[in-house]
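# Examining the three-dimensional arrangement
Next come the chains, spelled out residue by residue.
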Amino acid sequence: MSIQNAPIYVASSDLHGMGVFAAAPIAAGAVIEICPVLLFPKSQLEHVRQTILDDYYFDWGDDGEWYAFALGYGSLYNHAYDPNADYGMDFENNTIDIYCQRDIAAGEEICINYNGAPGDRTKVWFEK
């Protein structure tokens, strides 16, 4: 089950399609959401890449053999190079945990850095 520890909602985003937003202020350090994941093997990636789900999976594990869809709102957080949230992958419990990097105001979109580190400015796949 997804555990939402902070008041959040999904709405249209100016960044990209849909996004996750704070319904009330969220304090730095707070756990925003714990998202269980559905794993799928590398052998199925070519099929996923032909669907709308291509933009919604995470690399999973250290060996490059698995990928994951985050349940809850986990796959809907948009990318920012200067994000207000971060995520951690809990391989033992098969969850992706989203937590607040800095105070987030009510109505503010919650973003993570898709590169896996808040300060990593490496271009992401959808940038030209």
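Scroll up to find the structure this text is about.
Residues numbered from 1 in each chain as written. Predicted model: local features only at pLDDT ≥ 70, side-chain atom pairs only at ≥ 80, totals over all residues. Heavy atoms only, no water.

## A word on the overall build of the protein chain
When you go through the protein chain residue by residue, the secondary structure sums to 1 helix and 10 strands. The secondary structure elements of the protein chain, listed N-terminal to C-terminal, are β-β-β-β-α-β-β-β-β-β-β. A total of 128 residues make up the protein chain; the buried ones form 36% of that total. Residue pairs in contact within the protein chain that sit at least 24 positions apart in sequence constitute 66% of those at least 6 positions apart. For the protein chain, the computed accessible surface area is about 7300 Å², with 53% contributed by carbon and sulfur atoms. (Helix = DSSP H or I, 4+ residues; strand = E, 2+ residues; numbered from the N terminus. Buried < 20%, exposed > 50% of the residue type's maximum accessible area, 1.4 Å probe, protein only. Contact = heavy atoms within 4.5 Å. Areas by Shrake-Rupley, 256 points an atom, 1.4 Å probe, with all protein chains shown as cover.)

## Some words on the sheet that holds strand β10 (residues 109–112)
Pairing within the open sheet is mixed, and its 4 strands lie in the order β2-β3-β10-β7. The open sheet terminates on both sides in strands that have one partner only, identified here as β2 (8–12) and β7 (78–79). (Pairing = 2+ DSSP bridges.)

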